[in-house]
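Listed here are the chains, written in short residue letters.
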Amino acid sequence: MNLKLDLLGDRQRTHYCGELRKAQAGQTVFLAGWVDVRRDLGNLIFLDLRDHTGKTQIVCNPARSAEAHDRAEEVRPEYVVGVEGEVVVRAPGTVNPQLATGEVEVMARTLLVLNEAKTPPFPIEDETKTSEETRLRYRYLDLRRGRMQRNLRLRHRANQVVRAHMAESGFQEIETPFMTRSTPEGARDFLVPSRLHPGHFYALPQSPQLFKQILMISGFDRYFQIVRCFRDEDFRADRQAEFTQIDIEMAFPQRDVLFELIERLIEKLFALVDVKVGRPFRRMPYDEAMERYGSDKPHLGTSLEWRRLHLEPAASEKVRVAQPLKAMRVPGWGGASRSQLDKLQETAKSLGADWFSYIKVTGSEAQSPLAKELGEPALAALAASLEAQPGDLVLLLGLKSAGGRNAFRTLDEASGELRLDIARKLDLLKPGAWNFLWVMDFPMFEYDEKENRFGAMHHPFTSPRDEDMEKLETDPGAMKARAYDLVLNGSEIGGGSIRIHRQDIQRRVFKALGLTEEKARERFGFFLEALEYGTPPHGGIALGYDRIIALMAGESNIREVIAFPKTASAADLMCEAPASVEPEQLDELGLELKSE
RNA sequence: GGGGACGUAGUUCAGUUGGUUAGAACGCAUGCCUGUCACGCAUGAGGUCGCGGGUUCGAAUCCCGUCGUCCCCGCCA
């Protein structure tokens, strides 16, 4: 690594490495980039020169330029070079059809070695088998790969689409602070200690929720932001500690207007990857999603669906199942083996659904473990009510006894998991389908059995439906919220609501959540105060941008569309964050570490 | 917080029942080679078997602990 390096001087790049075609034959060009591979045939050296646009073959022939050939002997993969030479059409038989520039090559006159490079720890190729750990440690090399370049450049174009669409629709992009105050409830906050106020902390925002509502109070009418959010919770393939939302809020909102705005945005985004999305998106109430698909983010890529049903009281007594139970027809799976069914039962049980049975419809008969108790005619009638055909299987799922407020929700959720499990097992999820769906009318509250109280299902600023308002004090569990989620292929990609804009209603909601006036004031005082100064009706949505880009890029992990992501334990393997700090820094902040 | 999988050369992996000198491919180095494009041929270098402890005559292999990566549950208003 003590090669004499050349200077770029005032040389100007004339083309990118992916640009040259026959049309440029005869021109003198200057290309610059990284050496992808060197093929040294002794007295003839080929270099593939790479930049973000592609590759061009460089020929170093001593008969043309002994100097360039000498330089080429010294270069290695990932060296940074500049080449001046003539574009020549390749001789027939030496054309490379796999390369966009494969009909031409550059005959080098001058080869400038602008920088050398250590041998990279892994090859810079689209398809890599390299462990993610190594890729993240050397992220700068990983990002040189065409696939990562494409993902991040797609993200850039998506940013332009978002900004153009929102601006055209009258939305203002306004930045909100990253150093803000901790708001309890919700996710764990990341805290930033204050030097000027010892013992006090800023919190990084879980989302700019209150700021965007305040911007509505301030009369900005329509706001959006592509914004980083921070949540100190455990990671998943689709979750990072810091992630990006498209945050949107509008005054005097009509849900249908907002839906159309978002649907048109999604349509434009997916057009970037040549996906034509069908509008308007399907809509479904939460209750229906839970009954039919056992999920508040159903994957509609398979037609499998559940139905709630009631047996005759005497019958349910006999087979000892709580009412209602759930039934699902699985077309053509009447031949399911005993061990397959046993495994399903086991899965169901582990998910909290402890009553499991089935009916195999064969010809005119119905074969089932319940035949003895219920009699075959009753089972055949049950199967018929689900339109089961010969060769089908009917799955039955339930609870032995329904204890606790959330028992049937557990049953629904178990049924949803089982549905996906079967769909995957039987390969029923059609690839290449883009099933967008609005899930609406979420419950306003959900009951926390551990804490023995209600909690906000969306967040405490979500408006109840007007017609449910009087249930606030009498039956909060039955209230529906003006909240909605956007779902794509079983993945939640956005969520929002029409907010509470009246202080009196906000107070009543806090009360239903068990928040005393005092507590509410302590936590959200500034916001409650703002509500008192003429707050317009408003509402909005936040879209999970990393997930959307990942789905567009065909990646199953959002780390593939984030330039510098963190590992599952929230570490940055490249810069080795988090890291310890000097005692002086702690001292300045008035902090002291607990010794273990 | 819990469960599962993984950790051996620069990389991706193999490594039998615990056995003597830990292998392969790619990459790398050196030499030869004027039409290669996964260049070819020859030679060679390269190992804290994640780390610590234990069992054993003997440990990459068995046991305990620990660290790291990935996936899942909890968690994520």
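Everything below is about the structure printed above this text.
A short tour of the structure in this document, coming up.

1. Considering the pairing of strand β19 (residues 453-456)
Alignment of strand β18 (residues 445-448) against β19, held across four bridges, turns out to be antiparallel. Opposite glutamate 446, over in β19, you have glycine 455 as the bridge partner. Two successive antiparallel strands, β18 and β19, enclose a turn made up of four residues, where asparagine 452 displays a positive phi of approximately 60°.

2. Quick notes on helix α15 (residues 517-531)
For α15, which comprises 15 residues, the first-to-last C-alpha distance of 15 Å sits more than 12% below the rise-based estimate of 21 Å (1.5 Å per residue). Within the span of α15, buried status applies to Ala520, Arg523, Phe524, Gly525, Phe527, Leu528, Ala530 and Leu531. The inward-facing, buried residues of α15 contact α5 (209-217) and α14 (503-512).

3. Concerning the nonpolar core
Val162, Ile248, Ile262, Leu269, Phe270 and Trp438 are the most contacted members of the largest nonpolar core, which totals 40 residues. No other element matches the eight residues that helix α6 (residues 255-271) contributes to this core. Sequence-distant contacts of phenylalanine 270, defined by excluding residues within four places in its chain, comprise Val275, Val277, Trp434, Phe436, Leu488, Ile548 and Met552. One finds Leu437, Met444, Leu472 and Phe510 within the second-largest nonpolar core, a separate group that totals 35 residues.

4. Brief notes about a nonpolar patch on the surface
A cluster of nonpolar side chains, namely Leu191, Phe201 and Leu591, defines an oily patch on the protein surface of about 260 Å² accessible area. Relative to the elements of secondary structure, leucine 191 occurs in strand β7 (residues 191-193).

5. A few points about the protein's contact with RNA strand B
If you check the shell around RNA strand B, you find 45 residues, and the closest are Asp40, Thr94, Glu105, Glu233 and His458. Within the side chain of glutamate 233, one N or O atom sits 2.6 Å away from a sugar or linking oxygen of RNA strand B. Listed by contribution, the elements that provide at least two residues to the surface near RNA strand B are β1 (28-40) and α2 (132-137). Along the lines of polarity and charge, the residues of the surface near RNA strand B split into 13 nonpolar, 18 polar and 14 charged.

6. Here's the deal with the packing of helix α7 (residues 286-293) against helix α12 (residues 407-425)
Two numbers describe a pair of packed helices, the interaxial angle and the distance between the axes. In the contact formed by α7 and α12, the axes pass within 7 Å of each other and the chain directions differ by 60°. On the basis of their axis angle, the class for α7 and α12 is oblique. Facing Tyr286, Met290, Glu291, Arg292 and Tyr293 of α7, the residues of α12 in contact are Arg409, Asp412, Glu413, Gly416 and Arg419. Of the residues belonging to the contact of α7 with α12, the class tally is three nonpolar, one polar and six charged.

7. A word on the sheet that holds strand β2 (residues 45-51)
If you walk around this closed barrel you meet the five strands as β1-β2-β3-β5-β4, and the pairing is mixed. In this sheet, adjacent strand axes meet at a mean angle of 55° when their direction is disregarded. Of the strand pairs in this sheet, β2 and strand β3 (residues 54-60) are connected by seven bridges, and their pairing is antiparallel. For leucine 47, the partnering residue across the bridge sits in β3 and is isoleucine 58. The strands that helix α1 (residues 66-74) touches are β1, β2, β3 and β5 (104-115); relative to β5, the one it contacts most, it runs at about 60°.

The rules behind each value
Residues numbered from 1 in each chain as written. Chains lettered and ligands numbered in written order. Predicted model: local features only at pLDDT ≥ 70, side-chain atom pairs only at ≥ 80, totals over all residues. Heavy atoms only, no water. Pairing = 2+ DSSP bridges. Helix = DSSP H or I, 4+ residues; strand = E, 2+ residues; numbered from the N terminus. Expected span 1.5 Å × (residues − 1). Buried < 20%, exposed > 50% of the residue type's maximum accessible area, 1.4 Å probe, protein only. Contact = heavy atoms within 4.5 Å. Core = buried A, V, L, I, M, F, W, Y, C linked by side-chain atoms within 4.5 Å. Patch = residues over 30% accessible without salt bridge, like charges linked within 9 Å, V, L, I, M, F, W, Y side chains within 5 Å. Areas by Shrake-Rupley, 256 points an atom, 1.4 Å probe, with all protein chains shown as cover. Salt bridge = Lys/Arg side-chain N within 4 Å of Asp/Glu carboxyl O. Near = heavy atom within 4 Å. Polar contact = N/O pair within 3.5 Å; in protein donor to acceptor, adjacent residues only side chain to side chain. Nonpolar A, V, L, I, M, F, W, Y, C, P; charged D, E, K, R; others polar. Axes fitted to C-alpha atoms, helices over the stretch in contact; angles between N-to-C directions. Parallel < 35°, antiparallel > 145°, perpendicular 65-115°, else oblique.

Everything listed is a geometric property; what it means functionally is a separate question.
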